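Letter by letter, the chains look like this.
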Amino acid sequence: MSLTETSAFEIAAEVRAGRLRAVDVLDAHLANVAARESEIHAFNTVTADEARRSAEAVDAAVAAGRDPGPLAGVPIALKDNMCTRGVPTTCSSKILDGWKPPYDATVVELVANAGAVVVGKTNLDEFAMGSSTENSAFGPTFNPHDVTRVAGGSSGGSAAAVAARFASISLGSDTGGSIRQPAALCGVVGVKPTYGTVSRRGLVAFASSLDQIGPFSHDVRDSALLLEVISGHDPLDSTSIPQPSLQLLSELDRGVKGLRIGRITDLPGGSEPEVDERLSEAFDALAAAGATIVDVELPSMKFGLTAYYLVAPAEASSNLARYDGVRYGMRVEASDTNAMYMATRAAGFGDEVKRRIMLGTYALSAGYYDAYYGKALKVRRLISDDFARAYEKADVLVTPTSPIVAFPVGSKVDDPLSMYLCDVFTIPTNLAGHPAMSVPFGTGAHGLPVGVQVLAPTLGEAVMFRVAAELERGAR
Amino acid sequence: MSETFMIEGYELVCGLEVHVELATATKLFSASANRFGDEPNVHIDPVTLGLPGALPVLNRRAVELAMRIGLALNCTVQPCTFHRKNYFYPDMPKAYQISQYDQPLNIDGWLELPGGKRIGVERAHLEEDTGKSTHIGGSGGRIHGSDHSLIDFNRAGVPLVEIVGRPDITSPDEARQYVTELRQILVAIGASDAKMEEGSMRCDANVSVRKPGDPLGTRCEIKNVNSVRSLGRAIEYEARRQIALIESGEKIRQETRHWDENDGRTHTLRSKEDADDYRYFLEPDLVPLAPEKSWIDEVRASLPMLPRERRQRLSAATGAAADGEAVMVVVERGQDDYVLAVGEAGADVARALVHVKEAYAEQGSEPTVPAADLARLISMETSGALTATQAKTVLAEIVEAGGGDATAIAAAKGFEAMDTSELEAMVDDVIASNADAWAKYCGGEDKAMGALVGAIMKSSKGKADGKAVTALLQAKRGS
Amino acid sequence: MLVGSFFVSDHPSVRISADAVAKVARLARLDVTPDDIARLTSQLDGMLEHFADIDALDLADVEPMTQPYPLVNVMRDDVVAPSLDRDEVLAAAPAAEDGRFRVPPIIGLEG
Ligand SMILES: [Mg+2]
Ligand SMILES: [Zn+2]
């Protein structure tokens, strides 16, 4: 097996044992980057030199008898909205083009301390606002399975980097499905953990009460490994849950015997037929492995999109106000500070970001708060309550991740309905703060990957990973 | 003071909003230093600068100091939340201020003025300070006409408590008393150094006027008042301005006005008509704060005696009025414990109050003389062993040296009280050799007594007690 | 891109006026041309129309949900950590002078 097809779990084990050199693993991945990055555009920045130094340090540590950690020598890609000290962090926006943070995000410190080797910063929809990575100031990311199609988004670059084996694993952020949807479209595993299990410190905020960092990988075990490393309490994030890191690797082989798997009977329709077929095969596989399939209802799920498109832009309008041309990032000079603000922000933000800032500002403004933002927060509660009732009957829920497979670049601007449906299965999880993950499960139209989503209640990652591992076995 | 303050038939209605910087080591939401007066931009961190990805974490000590303020102002400490107040300004790094909105930490208290009147405190909430802008070019550092501005973020994120007073103040003097009393409380409880001149205590005044019995008038908010003295001036100016407008048939516009120390006027800063839309919403990066009862009780128990109670204690011990000058200034300087210690060491405590007030409180210096040394001196003075003049000389020496044995110093100077017959003989001599002055004095010219007393003091080399001399002269004249 | 779905609206704007859009752009500090305002008005109106799906819900007794995980009293100790390096930070600023961040004259910030 080639080094780029070796799992992160095995790479780390071999490197730690001194049987494999981190620099060789890195070189194999960089060779893939050299071969295909020009057609995929997964990265905003490739950090080959820094990566080489990290890999050499890992090898030196092993040679000196020290343990570099559970991700020893594993090449990792980071979504370009996570702060990396001295390395550009752009959020795929002109307004931050070239900005080098003076500090590392907590997750960046954690993966580095675990021995991982950062190969680059990946492309995204500007400030993570989008579902296709087409809203990047630096151009779209293309799907490694078919480079005429989108990789999904907003973490499209991180999904594509893993799918194209530019990196063994990667990190994305998920505000409304931004890890799970591109994972499904690129045929990899993607996990959105429980809100508060992974530190947001150093993650450039989109919507603070929804954002969560999570892993991409080829298999469920590698996501479990990476999530064990990045989860845990961070005293520098006030919303971080005070509990130790998740223990997941030990759950993977426990099977699903006796578990209750929820099937949502009032799931919004409109999925491609192949996607529905894969979903029913997934239920069959779980049933065959000893799980019980139970029916649940989530009547408020259909309002998720409205709640999301009020809450997320409202928070974003405030989070993105700091890009004012005073302390960092770009500035358009003008005769007074206010004119400088207006010109800088008009030139620095793309259309989608501006629309959401406008919407969010409006939803919070005097006279409209109650009608929009306030009401959305109440709908958020309804959705959360629906989930709570469903989880009385079921241990996890299973849905498609995306109703459709990867679509051609540029095609969906004129196909609003299927675009609308893109995030309808992922958004409610973020509103509730629950964990969910996408697992590749066969193919759909045009032989493109289909993902199945496993949803679990707050801090239900252990059972979620058990079910995901079973689905992975069932898909083989 | 008890009579109603009126200007041209109008009553003044005033409420003060006071911002105080808390005496913490670090900022409200991050760990860089909270320190005044350093080089610009040396206390900065990702949170202070509003860097992308930065997250706030609340400073426990700031919460505790805010609770001290609330409890000292008789507030209820309650569960509370933080909101974002969104507005753009270059010294506001995130373009929002984290503040408290509908659920502040402290509510419903009061402050009692020295004369006994209570001014209501609506709330005292936590929030973060802004950075500082310096305006370059143009005239005299003013914002208008400047060429550009420079921003220092050392102050950004410094913890503030905003104390919102109720509009119970009805005269400029009450406003001054309120701020003075508040300042003393803040210093006494260790919450802030509360220096208006350094900006660690800042005061905005909401001012309106009305005819007695009328409903409240339209108010204007006066900003940029940098001393207790200007506070009174600014309020009085603003009240007169409003009265003049009303009298000329014009309407008061609700607006924010700026006090200009140089011309002694207030100027329009911004009108409330283009009302700010701050788009308050709950800060999603922070969680609610609900201090446990045990913590509140602990903070309450740790509060020191407050100025008002200390003034009453000193008044009771000395017989001086609690809102009299001596008690006020000695307590303000925190020298009341020292006065009481001198009393406990055996001296007349009323005399101790006078000496401490004159030697220290009014000089703006701290007592260094051991209480026992001062007590010995006062005892010699009150027993007649030293004249008032001699006592003053010895005291000056002790204060200068930071202590000393009054008995020994008096002996070394040859100070001993003259006995009565010695003094009478000296008085007779002086009368004989100053016949003119004596004649004038006997003729009813009291001024002439000064020359006689002076001559006696001179011939006694200061040993004579002025009071005794005066009494003798009066007795000899027969009046 | 999902938002794109709401923008296909050729009906006249009934939920938000062009004036309101211009005011919101000012609040958000975004320079907009008259064309931008016309386009944004139609787009925002389309979105608000979609959001009307929650208007029929009875939300009177529903508690707003702001925080996904219920934490309370998260605080840190009052201990100083080193400052960022001023020169490094100012080097990344659009304009600096005298150890401080430089901005054009501060006027016109109200409203
Ligand atoms: Mg105020
Ligand atoms: Zn304030």
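Now for a description of the structure that goes with this document. (Residues numbered from 1 in each chain as written. Chains lettered and ligands numbered in written order. Predicted model: local features only at pLDDT ≥ 70, side-chain atom pairs only at ≥ 80, totals over all residues. Heavy atoms only, no water.)

## Thoughts on the interface of chain C and chain B
- Across the contact, 35 residues belong to chain C and 56 residues belong to chain B.
- Here chain C packs against chain B, burying approximately 3,700 Å² in sum over the two surfaces, 60% of which is carbon and sulfur.
- The largest per-residue losses of area from chain C upon contact with chain B belong to Met75, Arg76 and Ile106 of chain C, which jointly make up 20% of the total buried on that side.
- Taken together, the connections running from chain C to chain B amount to three salt bridges.
- Here Arg86 of chain C and Glu39 of chain B are joined by a salt bridge, their closest N and O atoms 3.5 Å apart.
- Every element with two or more residues in the side of chain C that touches chain B is listed here: helix H1 (18–27), strand S1 (75–76), helix H3 (86–91) and strand S3 (100–103) of chain C.
- For the side of chain C that touches chain B, the leading source of residues is S3 of chain C, giving four residues.
- In terms of residue class, the side of chain C that touches chain B is built from 18 nonpolar, six polar and eleven charged.
- In this structure, strand S10 (residues 148–152) of chain B lies alongside S3 of chain C, joined through three bridges in antiparallel fashion. Its bridge partner lying in S3 of chain C, Ser149 of chain B is registered against Val103 of chain C. (Contact = heavy atoms within 4.5 Å. Buried area = accessible area lost by both parts, 1.4 Å probe. Salt bridge = Lys/Arg side-chain N within 4 Å of Asp/Glu carboxyl O. Helix = DSSP H or I, 4+ residues; strand = E, 2+ residues; numbered from the N terminus. Nonpolar A, V, L, I, M, F, W, Y, C, P; charged D, E, K, R; others polar. Pairing = 2+ DSSP bridges.)

## Section: the interface of chain C and chain A
- Counting from both sides, the interface comprises 58 residues of chain C and, opposite them, 71 residues of chain A.
- Inspection of the region where chain C meets chain A yields two salt bridges.
- With its nearest N and O atoms 2.9 Å apart, the salt bridge here joins Arg85 of chain A to Glu88 of chain C.
- If you look at where chain C meets chain A, you find 15 residue pairs in polar contact (both at pLDDT 80 or more).
- Of all the secondary structure elements, the ones that give two or more residues to the side of chain C that touches chain A are H1, helix H2 (34–51), H3 and S3 of chain C. (Polar contact = N/O pair within 3.5 Å; in protein donor to acceptor, adjacent residues only side chain to side chain.)

## Focus: the pattern of salt bridges
- In total, this model carries 69 salt bridges over all chains according to the counting rule given.
- Between Arg84 of chain B and Asp285 of chain B there is a salt bridge whose closest N-O contact spans 3.1 Å. In this pair, Arg84 of chain B sits in strand S5 (residues 83–86) while Asp285 of chain B sits in the loop between strand S16 (281–282) and helix H4 (293–301), placing the two residues 201 residues apart along the sequence. The burial state of Arg84 of chain B is the same as that of Asp285 of chain B; both residues are buried.
- Lys413 of chain B is paired through a salt bridge with Glu397 of chain B; the nearest N and O atoms lie 3.1 Å apart. On the criterion of sequence distance, the pair formed by Lys413 of chain B in the loop between helix H11 (406–412) and helix H12 (420–433) and Glu397 of chain B in helix H10 (residues 388–401) is long-range, its members being 16 residues apart.
- Under the relative-accessibility criterion, Glu397 of chain B is labelled partly exposed at 34%.
- The network of salt bridges with shared partners includes Arg200 and Asp237 of chain A together with Arg84, Glu283 and Asp285 of chain B. (Buried < 20%, exposed > 50% of the residue type's maximum accessible area, 1.4 Å probe, protein only.)

## Digging into the nonpolar core
- Counting 167 residues, the largest nonpolar core has Phe127 and Leu397 of chain A together with Leu16, Ile69, Leu126, Ile163 and Tyr178 of chain B as its most contacted members.
- It is helix H12 (residues 370–393) of chain A that contributes the most residues to this core, ten residues altogether.
- Contact partners of Tyr178 of chain B, with chain neighbours within four places excluded, come to Leu16, Val18, Leu111, Leu113, Ile119, Val121, Ile163, Gly165 and Ile169 of chain B.
- Ranked by size, the runner-up nonpolar core spans 88 residues in total, among them Val23, Val118, Phe216 and Val256 of chain A. (Core = buried A, V, L, I, M, F, W, Y, C linked by side-chain atoms within 4.5 Å.)

## Observations regarding the sheet that holds strand S9 (residues 132–136) of chain B
- Ordered by their spatial adjacency, four strands build an open sheet running S9(B)-S10(B)-S3(C)-S2(C), and the pairing between neighbours is antiparallel. Sheet topology places S9 of chain B together with strand S2 (96–97) of chain C at the edges, where each strand pairs with a single neighbour.
- Bridging between S2 of chain C and S3 of chain C involves two bridges; their strand directions are antiparallel. The residue of S3 of chain C that forms the bridge with Glu97 of chain C is Arg100 of chain C.

Note that every value here comes from positions in space, so none of it alone points to a role or purpose.
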